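A look at the structure
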Amino acid sequence: MNTLLRIAIQKSGRLQEGSLSLLQESGLLFSNGKDQLKTQARNFPVEILFLRDDDIPQYVEDKVADIGIVGENVFTEKQKQNTIVKRLDFARCRLSMAIPRSETYTGLSWFNGKNIATSYPNIVTAFLKKNNLTAGLHEISGSVEIAPGIGLADAICDVVSTGSTLLSNGLKEVEVVMNSEAVIIGSANLEAAKQQILDKLLFRIEAVQKAKNNKYILMNCPNEAIEKITSIIPGMKSPTIIPLGKPGWSSLHSVVDENDFWEKIDQLKSFGAQGILVIPIEKMIL
Ligand code: PRT
Ligand code: ZN
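Keep in mind that what you see is a predicted model, and the values were worked out from it rather than measured.

Conventions and cut-offs
Residues numbered from 1 in each chain as written. Chains lettered and ligands numbered in written order. Predicted model: local features only at pLDDT ≥ 70, side-chain atom pairs only at ≥ 80, totals over all residues. Heavy atoms only, no water. Donors = N, O, S within 2.8 Å, 3.2 Å for Na, K, Ca; no water. Tetrahedral: all angles 85-135°; square planar, octahedral: opposite > 155°, others 65-115°. Near = heavy atom within 4 Å. Polar contact = N/O pair within 3.5 Å; in protein donor to acceptor, adjacent residues only side chain to side chain. 1 Å grid on protein atoms, 1.4 Å probe; cavity = no way out; pocket = protein on both sides within 12 Å on 5 of 7 lines; lining within 4 Å. Sits in = over half its atoms within 2 Å of the grid points. Helix = DSSP H or I, 4+ residues; strand = E, 2+ residues; numbered from the N terminus. Pairing = 2+ DSSP bridges. Axes fitted to C-alpha atoms, helices over the stretch in contact; angles between N-to-C directions. Contact = heavy atoms within 4.5 Å. Buried < 20%, exposed > 50% of the residue type's maximum accessible area, 1.4 Å probe, protein only.

A short note on the coordination of the zinc ion (ligand 2)
Ideal values for angles at a metal depend on the geometry: 109.5 degrees with four tetrahedral donors, 90 or 180 degrees with six octahedral donors. Around the zinc ion (ligand 2), the protein supplies Asp 53 (OD) and Asp 54 (OD) as donor atoms, at distances of 1.9 to 2.1 Å. Coordination at the zinc ion (ligand 2) is irregular: its 4 donor atoms span angles of 76 to 169° at the metal.

Written out as structure tokens, the structure reads:
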């Protein structure tokens, strides 16, 4: 039988959409029925398992799955023999300490002698230890934000994204314990055939990630501006320059980083560029 790389992803929840689109954008074709627990890609040697995110680190440690996609918060909390293979830049959030808004926060020592409700006992224990704090822990698996309001705890440690859940429960964020994003985790020693499949998949994922961070940019510019423009958007090797029908003008094509293209566009205009088009890139291989 041919070797398959087994990938565990979240069955439903905040990581599901990002995980599925990552695999699909990497060119994998597979069915994704609502009640399916596993599926095999039609065009790539991969089997996908749909699981609860909390179970994924254990499955990977036990080698039931070869790799898995989880939040870094879950990876850190579970303390399994896994490593982070790749950061995925989605499902960004933070794990934070929050206390009732009515409390005056006096700094970390505020937590001494307090009770903290959390679903992340290992991370909180390490955080308390690092800061020489002594506090009680109350482990609960969900709806952590209501714990102070119902008298179960003085403070919480939970995942925060926009902060609106904290706000609507009368809490305020006072310490960020860790930042998190979706990550691919893997067990240490993959057999060679599986490692080869993983390397192929990672190559594709990187091409998709690079493409997302870059845009294809085209513009018309006076020939005397070409050098200045090239210095700020050198592209992958150098820009493509095609003469226009209008003498003294060229069409210049290049690639620009998503994060600074607004700033660059202002510069380009000041150099005399006109008719600037910015187009998404689907895959990018350097
Ligand atoms: O069923 P299963 O166990 O698989 O899923 P789950 O319910 O345990 O996890 P899920 O789907 O809620 O989250 C999966 C992962 O998404 C988490 O482990 C984080 O890594 C990441 N993530 C990103 C988040 C959030 N953003 C987030 N906002 N996880 C949870 N939240 C919660 C937050 O705690 C709050 O209660 O969403 C609520 C809204 O957040 P605010 O701050 O925007 O109001
Ligand atoms: Zn979960």
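Read on, since the account is not over.
Description of the site of ligand 1
Ligand 1 sits among 22 residues. The nearest are Asn 73, Glu 145, Val 159, Thr 162 and Thr 165. Taking Asp 54, its side chain carries an N or O atom lying 2.7 Å from an oxygen atom of ligand 1. Within the side chain of Ser 164, one N or O atom sits 3.2 Å away from an oxygen atom of ligand 1. Because more than half of its atoms lie within 2 Å of the grid, ligand 1 is assigned to the largest pocket. Looking at the shell around ligand 1, the elements that each hand over two or more residues are α3 (72–78), β9 (155–160) and α5 (164–168).

Thoughts on unusual backbone geometry
A positive phi angle is found at Ala 91, which is not glycine, with a value near 55°. Mapped onto the elements of the fold, Ala 91 is located in the loop between β5 (82–87) and β6 (93–100).

Here's the deal with the sheet that holds strand β12 (residues 214–222)
Strands sit in the order β13-β14-β12-β15 across an open sheet of 4 strands; the sheet is antiparallel. Two strands in the sheet have a free side with no partner beyond their single neighbour: β13 (240–243) and β15 (274–280). The sheet shows a mean angle of 20° between the axes of neighbouring strands, taken without regard to direction. Relative to strand β14 (residues 249–257), β12 is paired through 9 bridges, and the arrangement is antiparallel. Opposite Tyr 216, over in β14, you have Val 255 as the bridge partner. Taken strand by strand, helix α8 (residues 261–270) contacts β12, β14 and β15, and its axis lies near 160° from that of β15.

Structural notes on the sheet that holds strand β4 (residues 67–71)
The 6 strands are arranged β2-β3-β1-β4-β11-β5 in an open sheet whose pairing can be described as mixed. The sheet is open, and its two borders are formed by β2 (38–40) and β5, each paired with just one other strand. The average undirected angle you get between the axes of adjacent strands in this sheet is 30°. By the bridge criterion, 2 bridges tie strand β1 (residues 5–10) to β4 in an arrangement that is parallel. Looking across to β4, one finds that Ile 7 is bridged to Ile 67. Here helix α1 (residues 16–25) sits on the sheet and contacts β1, β3 (46–51) and β4; the angle it forms with β1, its principal contact strand, is near 150°. On the sheet, helix α6 (residues 192–212) packs against β1, β3, β4, β5 and β11 (182–187) and is oriented at approximately 35° with respect to β5.

What about the pairing of β3?
Among the 6 residues in β3, 6 count as buried, and that is most of the element. Burial along β3 is two-sided: Val 46, Ile 48 and Phe 50 facing one way and Glu 47, Leu 49 and Leu 51 facing the other are all buried. By the bridge criterion, 6 bridges tie β1 to β3 in an arrangement that is parallel. Within the sheet, the bridge partner assigned to Ile 7 lies in β3 and is Ile 48. Summarising the sheet, β2 and β3 pair through 3 bridges and their orientation is antiparallel. Each bridged residue has a counterpart across the sheet, and for Thr 39 the counterpart in β3 is Ile 48.

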